[in-house]
Amino acid sequence: MRADTDEILRFLGVGEPVPEQLRRQAEEEAGALSAAAPPRYVYRVYPLEREGEDFCLAGSGVTLGGRTARLMLSGCTRAALLCCTLGAGFEALLRARQVRDMARAVILDAAGSALVEAGCDAAQEELARRAEGQYLTDRFSPGYGDLPLSLQPAVCAALDAGRRLGVQVTDSLLLNPSKTVTAVIGLSARPQMARVRGCDFCALRESCQLRKGGRRCGL
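Residues numbered from 1 in each chain as written. Predicted model: local features only at pLDDT ≥ 70, side-chain atom pairs only at ≥ 80, totals over all residues. Heavy atoms only, no water.

Colleague: Is there a simple way to think about the overall build of the protein chain in this case?
Modeller: Helices and strands together make up the secondary structure of the protein chain, namely 8 helices and 8 strands. Here the protein chain holds 219 residues, and 46% of them are scored as buried. If you take every contact in the protein chain between residues at least 6 apart in sequence, the share linking residues at least 24 apart comes to 72%. (Helix = DSSP H or I, 4+ residues; strand = E, 2+ residues; numbered from the N terminus. Buried < 20%, exposed > 50% of the residue type's maximum accessible area, 1.4 Å probe, protein only. Contact = heavy atoms within 4.5 Å.)

Colleague: Please clarify how the packing of helix H4 (residues 87–100) against helix H5 (residues 102–130) should be interpreted in this entry.
Modeller: Where H4 meets H5, the axes come as close as 6 Å, and the angle between the chain directions of the two elements is 160°. With respect to H5, the element H4 is oriented roughly antiparallel. Taken together, the residues of H5 that come into contact with H4 (itself represented by Phe90, Leu93, Leu94, Arg97, Gln98 and Arg100) are Met102, Arg104, Ala105, Leu108, Asp109 and Gly112. Tallied by class, the residues present in the contact of H4 with H5 amount to 6 nonpolar, 2 polar and 4 charged. (Axes fitted to C-alpha atoms, helices over the stretch in contact; angles between N-to-C directions. Parallel < 35°, antiparallel > 145°, perpendicular 65-115°, else oblique. Nonpolar A, V, L, I, M, F, W, Y, C, P; charged D, E, K, R; others polar.)

Colleague: When you look at helix H2 (residues 20–36) in this model, what are you seeing that I'm missing?
Modeller: Each turn of an α-helix holds 3.6 residues, which means side chains three or four residues apart point in the same direction. In this model, H2 (17 residues) spans 25 Å end to end at C-alpha, consistent with the 24 Å of a helix rising 1.5 Å per residue. Those residues of H2 not exposed but buried are Leu22, Gln25, Ala26, Glu29, Ala30 and Leu33. End-on view of H2: buried residues confined to an arc of 145°, all on one side of the axis. Of the exposed residues in H2, the ones pointing more than 90 degrees away from its buried face are Glu20 and Ala35. (Expected span 1.5 Å × (residues − 1). Arc of directions from axis to C-beta.)

Colleague: Quick question: what am I supposed to make of H5 here?
Modeller: With 29 residues, H5 should cover 42 Å at 1.5 Å per step; its first-to-last C-alpha distance of 42 Å lies within 8% of that length. N-capping of H5 is provided by Asp101, with a side-chain oxygen placed 3.1 Å from the backbone N of Ala103. (Polar contact = N/O pair within 3.5 Å; in protein donor to acceptor, adjacent residues only side chain to side chain.)

Colleague: Looking at this structure, I do not really get the pattern of salt bridges. What am I missing?
Modeller: Think of it this way: side chains of opposite charge can pair up when their charged atoms draw near. On inspection of all chains with the given rule, the structure shows 11 salt bridges. Measuring nitrogen to oxygen at the nearest pair gives 2.3 Å for the salt bridge that ties Glu7 to Arg10. A residue pair is termed a helical-turn pair when its members lie 3 or 4 positions apart in one helix, as Glu7 and Arg10 do in helix H1 (residues 5–12) at 3 residues. Note that Arg139 is salt-bridged to Glu117, the shortest N-O span being 2.9 Å. Linking Arg139 in the loop between strand S5 (135–136) and helix H6 (152–158) with Glu117 in helix H5, this pair joins segments that are 22 residues apart in sequence. This pair shows no difference in class: Arg139 is buried, exactly as Glu117 is. (Salt bridge = Lys/Arg side-chain N within 4 Å of Asp/Glu carboxyl O.)

Colleague: Explain the nonpolar core to me, please; I cannot follow it from the model alone.
Modeller: A general trend in soluble globular proteins is that nonpolar side chains are found buried together. Counting residues in hydrophobic clusters, the biggest one holds 34 residues, and the most contacted among them are Ile8, Leu33, Leu82, Leu86, Phe90 and Leu127. For this core, the elements supplying multiple residues, two or more each, are H1, H2, strand S4 (78–85), H4, H5 and strand S8 (180–188). When residues in this core are grouped by element, the largest group, 11 residues, is from H5. In this view, Leu127 contacts Tyr43, Val45, Ala80, Leu136, Ile185 and Leu187; residues no more than four positions away in its chain are not counted. Counting residues in each nonpolar core, the second largest holds 26 residues, with Ala69, Met72, Cys76 and Cys83 among its members. (Core = buried A, V, L, I, M, F, W, Y, C linked by side-chain atoms within 4.5 Å.)

Take a look at the structure:
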């Protein structure tokens, strides 16, 4: 699996026309990263139970409350928890780039963001194949909408992400290694049209530098 060059440039916030040298460097970093830190993921599907206005993923220890969960899961009978990471390989490669060339390190960081999202896409595609006849919602993560980051420890514990992927949650609720994503995906017998993409649902909407510059990340 390889990070898409256009996605890397999008994470960098580069507008058109893209300098040819920058595109070439992005392609080079994508190739180096795909060899050093391919995405690894784990997911698990749970029955959904209602607890008042909240959703409980039975047997997981995870309860999802708030508007975002109600919007995304209202038509679902099951939901999957997902964790995807580039692991320690990304951290080692990034440190090496930072020592030699900070500009290339910035490009590599953007490549890492693009690649871990590609890994999440691959996991969601696999889940869709295995859940034949079911319709998947968009994936949504702690930190989007009103889904709190405080869910990270419970999600990682339910997936045994520490043992299986080497993922830990810091005291400030960040994920380590840094290029790690957790998410929830609903499954339903009917097509699900609700979407949680866009600035309105992002926890970083007030501080986002892309948004301040009049651009969007596309998520």
